[in-house]
Number of protein chains: 4
Amino acid sequence: MKSRAFAFATRSPSDVAELARMLDDNVFAASDVVCILGKTEGNGGRNDFTRELAMTALEQLFAPRLGCRPEQVQERVIFSFSGGTEGVVSPHMLVLVKEGEPASVAHVSQKRLAVGIGRTRDFAPHEIGTMAQIQETARAIQTIVASLQVDDLADVHLVQMKGAIPHFSHEQAEAARKAGKPFTCDMVYSRAASALGTALALDEVAAEALSDQVVCQDYSLYSSVASCSAKPGLAHTEILLFANSRYWDGDLEIQHGVLQDILDVHGIHQVAAKLGMALEVPPNPAHLARLVGVFAKSEADASGQIRGQRHTMWSDDDISDTRYSRCVLSSVLASVLGTTRVYVSTRAEHHGPPGGGPLAILARCASSS
Amino acid sequence: MKSRAFAFATRSPSDVAELARMLDDNVFAASDVVCILGKTEGNGGRNDFTRELAMTALEQLFAPRLGCRPEQVQERVIFSFSGGTEGVVSPHMLVLVKEGEPASVAHVSQKRLAVGIGRTRDFAPHEIGTMAQIQETARAIQTIVASLQVDDLADVHLVQMKGAIPHFSHEQAEAARKAGKPFTCDMVYSRAASALGTALALDEVAAEALSDQVVCQDYSLYSSVASCSAKPGLAHTEILLFANSRYWDGDLEIQHGVLQDILDVHGIHQVAAKLGMALEVPPNPAHLARLVGVFAKSEADASGQIRGQRHTMWSDDDISDTRYSRCVLSSVLASVLGTTRVYVSTRAEHHGPPGGGPLAILARCASSS
Amino acid sequence: MKSRAFAFATRSPSDVAELARMLDDNVFAASDVVCILGKTEGNGGRNDFTRELAMTALEQLFAPRLGCRPEQVQERVIFSFSGGTEGVVSPHMLVLVKEGEPASVAHVSQKRLAVGIGRTRDFAPHEIGTMAQIQETARAIQTIVASLQVDDLADVHLVQMKGAIPHFSHEQAEAARKAGKPFTCDMVYSRAASALGTALALDEVAAEALSDQVVCQDYSLYSSVASCSAKPGLAHTEILLFANSRYWDGDLEIQHGVLQDILDVHGIHQVAAKLGMALEVPPNPAHLARLVGVFAKSEADASGQIRGQRHTMWSDDDISDTRYSRCVLSSVLASVLGTTRVYVSTRAEHHGPPGGGPLAILARCASSS
Amino acid sequence: MKSRAFAFATRSPSDVAELARMLDDNVFAASDVVCILGKTEGNGGRNDFTRELAMTALEQLFAPRLGCRPEQVQERVIFSFSGGTEGVVSPHMLVLVKEGEPASVAHVSQKRLAVGIGRTRDFAPHEIGTMAQIQETARAIQTIVASLQVDDLADVHLVQMKGAIPHFSHEQAEAARKAGKPFTCDMVYSRAASALGTALALDEVAAEALSDQVVCQDYSLYSSVASCSAKPGLAHTEILLFANSRYWDGDLEIQHGVLQDILDVHGIHQVAAKLGMALEVPPNPAHLARLVGVFAKSEADASGQIRGQRHTMWSDDDISDTRYSRCVLSSVLASVLGTTRVYVSTRAEHHGPPGGGPLAILARCASSS
């Protein structure tokens, strides 16, 4: 089994011309595509329709090539799009491909990128933001990990999730409120429980430390590899998992770390170091050539301060804190790494320490660059 | 003659409590204050009233201490406020103070910060954006340089200007248009001619290379030390000039350089190096302790690309390119230097190369830190 | 006792030149000014500094004329500024003046505008949003009503309040949460309780119908005359009350009604009719000449629908629902009444029915126009 | 030949479920659809991708039903989408259908809606904003008018155009500039010339009054029926024309008028009166039931004033004047007519008087309602 990755710039959210060309040229087969991630030039909020536009274009592209209807494409390929290319971020897509058969024999030392997908069972509204969601998310993650033949939980470097927010009626919500157990079925709690589920699955947090009460309360509990969004109307959680495995081939590897805040250059250097890159100023073209994907979570520190000084991201009623924090971290990543193709999404409950968040970098192996 | 600098954070645009305390404690005399620069949490645009609010608070503070009416304060102290604290920028003010008498004897080698102020004559509307503005601006700058006993034009590191945009009637504009010489009396052209006037004064551009035709056309001509805004209704240009001089005392020095783009970490390192700081990751607290002021100009590259990749700062109708470019460069400066007290203003016609701009850093001397 | 009103346009938030001229010309005395209301061109949100700028300018204007320090002016004159002049709204101020002595004899039938001010006691954080705030607000309102010699509670037409949101520590909030009585000390609950306090004071809602539980839950309970904002850090609630009284003189009267939604032209006509104006298309100049002040509360219907059709005010992450709803209602009022000097503020918990809100119109008396 | 119209609400830009249902139920044939107009919930600006998303969904819907590829659909059906549902506007679509054969005999008096489409030839960049564009646009309009068997130019009530802005290179633009004839190939000039072309075609402006010089200069010259946008990259202008004709059948008629400003309720009444509706307060349900489409152009008065009072739509750097003016006029139309399904697009060069613009109302005939 071999993983391959192809990144390309887009001229608009619906621009899949470069991908169409690659498919037409048989660079890889449509049926081998595992997932497509991308940044689109929307606001990243509720009225960001650029993600849907990108996914519609991809559905049109893949449907005839997969021999299915457009609405069936997402059962075969996971799409993970994030709106918001604030500042210097260049809209782009990244295609991950899986070729060949599972290996029966492992490499002795070499670990290569392994990509797996999965999903949780459907959730009831009252489960969101509770141990029920955390435990089922952990179970689903462990299933994927096992399927990828990953030796060590420390080899899992990125768990990208689109979390459940099942529909519920006003009556259901009222009934729950009156019963003294109000629903926490919203984006904040769904992201939080997805992240804690990852932490549980990967032994980042001990099972005994977790309870309904800690969700969105005890932020000292967090995952360093989760990257969670949540989608109203989705009954289950979609999971995309990146690890390194001795059973996989290809020229890709992934590493991760935690940024202490959205200005944490040192944290970026540390992740790069794990990939064997000693970052330089200006960026070394050899390092730049190895970069395939940069994934991070940003947030405007809820304390209203960063490095002991006041920031104004939370008190601005004209521009959302989400747009500011993405812009800040994207700018820092781009300046340090030398690429504007960075995938930063925002709000990071239980993703890294307060004000900080996980960073994962996908790169071509040093030997192959 | 000795220069001193005092920086403080503000909790809102009108927060001058810390400055009031310093004046009450006789840390320095109100009559010795040359200028106050600050970043306020507005949008930096036409409807940004935070600058006026800050200046009103300062007028109220200084009027009784200078024995004048509030509306006379700005004849005695230059205020240079820039709106827009996008992302991590911390609203703050920086007070520059000049104490003592001019020195008659120069130091042998030590150069210290010298600060001077001046203004041009009043301009007619048809002069803005032309050689008339360029030449008069250059003359006014040279007068300040001479008054500061600066040895070498290369010792001038920052020329901060609020440029003229004299009032004119619709009839005047129509008459000019019909005469085939339409006015270029606007913010863009005023900033451009102020910058070119600086370049002329400081021998950055040869006099022969300049003409009415090159303004806003030939961007290979630029200043590396100018930082120009423009204010509708202002008939003259206000000038604030920072240099190093062997005739001045104190513990401050200033250096500058040019950033090639708003991600140019290398350019930041080069300016810091001139101050004897070899920047480290994470930032060295000793370096951080020396920083007093960081001044830069940002712009969203007009080509629509940065480092060969598309950016979306110009095609976003929800958020202005000015807010994005300030956010990007401020984030990069803060991440590299370790401080969120950065003064980045935007739009940079003939300020550094297209997409880039000047950077000046004011610091305590290495020996005194 | 005689009430007078003076409205003027402003060219910017700090423009008080017209008011200065009136005071200099002795049109009225500074010491007779009861309150100044105004709309300023900010965003109406947390980072709207235009209100502070306007009030600072007024403090500077009044301090020497009242013989007090600027920071004491607001102990003598109530300022009620609302940010947000979306769409066609013209920034303006309205000065209300009270001259002469209380009358001992009432007019037989003629009722004229009476203006009174007052305040509640200071509140503890746990009282906000509860019966404690409702009852104390009602008490303070009744005190003002009595002082104005108002015959009938139905003669009270507008109660403008700046509501308390006392400071509290994180520890206090946590303690309350753990005790099972989490604070509701925020803008939403403070506005809600102020409105219900008005309803209680004016017999709009029966005392028996009120309890802690109905606040922000049972929106069938509301006031038709309240107009409440809330200010973080304010320990008490400031109250400004407009009524008609047989003991007052002048040429002003006020009436009110409820708009069922922000498109309710019929509701506007009904309020105008109480002032003897049968509104016409296009607006009758005689009616327009009588208008002095138009005060309304707007809100984007929380159901996401208006008149059975979907609106998008709540799902837009670029522009706040508050700006949209103000723009809509201001546009409708301006189109129907013929004036763009309308004072619409937003969010209207327990102010009129859901999606609607109170409207009060202050006008010169028909006989005197 | 018979015209029919079907309007429906959308739950998002890509929601065509209601239209699919109508097609599946054979309410009308896909091949009889002439055009689909709609308002989508974007910002109406350069980065508004909601229009593309709506049109993509429609292409998917129609392609199999028309037996063509998705990218060919727009050769068969004109799509005219306008972004921006500010305030109360309800996102919706309106489908116009043409059934049967052209009539050889006219009705004696009854005129019914006739809808026609056409296009200009391709334009060269130097033609945009000049007489060349004006004359060719007029020619194309006259061709459509003739094809619809319209008796009288006064029977044309709405000419909706997507105007040409052909591509050009930087070199072409520079060459034109140096030759003293700079291109006016932009949105403003393209819309302006489209509108003047309409005025010329329909005898609203005399041919002698027109020249290259009047474009965007003499705003006393305008059309009362044009509604023009412009699309970068489009080489020709697409035209959609609505008239009343004695040769057409159906239950629809259209009328138009000019609004003097965006608060002009009287102007709305006048257009309604032409349809036999004497508008009432509150709106008469019988009138409301007749309304099918409301089309208007809005603009923030460039003088900075409306009805003699200052507005702030042009000085707000947080929200575009286009969003404000659409919000204002949409609110007024909705409040007067009683429907939130209004199609207001913005910027109105040579469309009605400065600050005002055309209004057209499509309604079911009084007799048939």
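Preceding this section is the structure that the text describes.
**Things to note about the overall build of chain A**
- Along its length, chain A carries 8 helices and 15 strands.
- In terms of overall dimensions, chain A is globule-like: its C-alpha atoms have a radius of gyration of 20 Å, near the 21 Å expected for 369 residues.
- For the C-alpha atoms alone, the extent of chain A along its principal axes is close to 60 × 50 × 40 Å.
- Expressed as a percentage of contacts within chain A between residues at least 6 apart in sequence, the contacts between residues at least 24 apart total 81%.
- If you sum the accessible surface of chain A, you get close to 13200 Å²; carbon and sulfur atoms cover 50% of it.

**Re the sheet that holds strand 6 (residues 156–165) of chain A**
All names here are of chain A.
- Spatially, 4 strands are ordered 5-8-6-7 in an open sheet, and the strand pairing comes out mixed. Of all the strands in the sheet, the pair left with one neighbour each is strand 5 (112–119) and strand 7 (226–232). On average, each strand axis in the sheet is tilted by 15° relative to the strand beside it, whichever way the strands run.
- Across 7 bridges, the pairing between strand 6 and strand 7 is parallel. Pairing of M161 across the sheet is with C228, part of strand 7.

**Topic: the environment of R46(B)**
- Of note, R46(B) is situated in the loop between strand 2 (33–40) and helix 2 (50–66).
- Sequence separation of R46(B) and K231(B) is 185 residues, and the distance between their C-alpha atoms is 10.0 Å.
- With sequence-adjacent residues up to four places away left out, R46(B) is seen in contact with W314(D), S315(D), D316(D) and D317(D).

**A word on helix 6 (residues 187–201) of chain D**
Residue and element names in this part refer to chain D.
- Here helix 6 contains 15 residues, and its C-alpha end-to-end distance of 21 Å stays within 8% of the 21 Å for a straight helix at 1.5 Å per residue.
- For helix 6, the tally of buried residues reaches 12 of 15 residues, placing the bulk of the element in the interior.
- Buried within helix 6 we find S190, R191, A192, A193, S194, A195, L196, G197, T198, A199, L200 and A201.
- Buried residues in helix 6 make contact with helix 4 (131–147), strand 6 (156–165), strand 7 (226–232) and strand 11 (291–298).
- Among the residues trailing helix 6, D203 stands out with phi positive, at a value near 60°.

**Structural notes on the relation of the copies chain A and chain B**
- Mapping chain A onto chain B is achieved by rotating through 180° and translating by 0.0 Å along the same axis, at an RMSD of 0.0 Å. Interpreted geometrically, this transformation is the action of a two-fold axis. Among all residues of chain A, the minimum C-alpha distance to the rotation axis is found for V332(A), at 2.7 Å.
- Looking at the interface residues of chain A, 100% of them are also at the interface in chain B, so both copies use one shared face.

**A closer look at the packing of helix 2 of chain B against helix 2 (residues 50–66) of chain C**
- At a minimum axis separation of 10 Å, helix 2 of chain B and helix 2 of chain C run at an interaxial angle of 30°. What the angle tells us is that helix 2 of chain B and helix 2 of chain C run roughly parallel. Two packed elements cross with a definite hand, and for helix 2 of chain B against helix 2 of chain C that hand is left-handed. Side by side, helix 2 of chain B and helix 2 of chain C meet where E52(B), L53(B), T56(B) and Q60(B) of the first sit next to E52(C), L53(C), T56(C) and Q60(C) of the second.
- Of the residues assigned to the contact of helix 2 of chain B with helix 2 of chain C, the class counts are 2 nonpolar, 4 polar and 2 charged.

**Let's talk about the interface of chain A and chain C**
- With 12 residues of chain A at the contact, the number on the chain C side is 12 residues.
- Between chain A and chain C, the buried area comes to about 1100 Å², and carbon and sulfur atoms account for 22% of it.
- The three residues of chain A that bury the most area against chain C are R46(A), D317(A) and D318(A), which together make up 46% of that side's buried surface.
- The tally of links between chain A and chain C comes to 4 salt bridges.
- For D318(C), the salt bridge is made with R323(A), and the minimal N-O distance between the two is 3.8 Å.
- Linking chain A with chain C are 10 residue pairs in polar contact (both at pLDDT 80 or more), by the criterion used here.
- Of the residues belonging to the side of chain A that touches chain C, the class tally is 1 nonpolar, 5 polar and 6 charged.

**Looking at the sheet that holds strand 7 (residues 226–232) of chain C**
Residue and element names in this part refer to chain C.
- Strand order across the open sheet formed by 4 strands is 5-8-6-7, with mixed pairing between neighbours. Whereas interior strands pair on both sides, the edge strands pair on one side only; in this sheet they are strand 5 (112–119) and strand 7. Averaged over all pairs of adjacent strands, the angle between their axes in this sheet comes to 15°, without regard to strand direction.
- Across the sheet, helix 3 (residues 131–147) is in contact with strand 5, strand 6 (156–165) and strand 8 (238–245); its angle to strand 8 comes to roughly 40°.
- Taken strand by strand, helix 5 (residues 187–201) contacts strand 6 and strand 7, and its axis lies near 145° from that of strand 7.

**Points about helix 6 (residues 187–201) of chain B**
- Check the buried side of helix 6 of chain B and you find it contacts helix 4 (131–147), strand 6 (156–165), strand 7 (226–232) and strand 11 (291–298) of chain B.
- Put simply, D186(B) is the residue that caps the front of helix 6 of chain B, since its side-chain oxygen is 3.2 Å from the backbone nitrogen of V188(B).

**Some remarks on the interface of chain A and chain B**
- Contact residues are listed per partner, giving 40 residues for chain A and 40 residues for chain B.
- For the chain A and chain B pair, buried surface summed over both sides reaches about 3100 Å², with 59% attributable to carbon and sulfur atoms.
- In this structure, the connection of chain A to chain B is made through 4 salt bridges.
- Note that E41(A) is salt-bridged to R310(B), the shortest N-O span being 2.8 Å.
- Inspection of the region where chain A meets chain B yields 14 residue pairs in polar contact (both at pLDDT 80 or more).
- Among the elements that take part in the side of chain A that touches chain B, helix 8 (residues 321–337) of chain A stands out by supplying 8 residues, more than any other.

Quick notes on the rules
- Residues numbered from 1 in each chain as written.
- Chains lettered and ligands numbered in written order.
- Predicted model: local features only at pLDDT ≥ 70, side-chain atom pairs only at ≥ 80, totals over all residues.
- Heavy atoms only, no water.
- Helix = DSSP H or I, 4+ residues; strand = E, 2+ residues; numbered from the N terminus.
- Rg over C-alpha atoms; globule rule 2.2 N^0.38 Å.
- Contact = heavy atoms within 4.5 Å.
- Areas by Shrake-Rupley, 256 points an atom, 1.4 Å probe, with all protein chains shown as cover.
- Pairing = 2+ DSSP bridges.
- Axes fitted to C-alpha atoms, helices over the stretch in contact; angles between N-to-C directions.
- Expected span 1.5 Å × (residues − 1).
- Buried < 20%, exposed > 50% of the residue type's maximum accessible area, 1.4 Å probe, protein only.
- Least-squares fit on C-alpha atoms with pLDDT ≥ 70 in both.
- Parallel < 35°, antiparallel > 145°, perpendicular 65-115°, else oblique.
- Left-handed = near helix turned anticlockwise from the far one by under 90°.
- Nonpolar A, V, L, I, M, F, W, Y, C, P; charged D, E, K, R; others polar.
- Buried area = accessible area lost by both parts, 1.4 Å probe.
- Salt bridge = Lys/Arg side-chain N within 4 Å of Asp/Glu carboxyl O.
- Polar contact = N/O pair within 3.5 Å; in protein donor to acceptor, adjacent residues only side chain to side chain.

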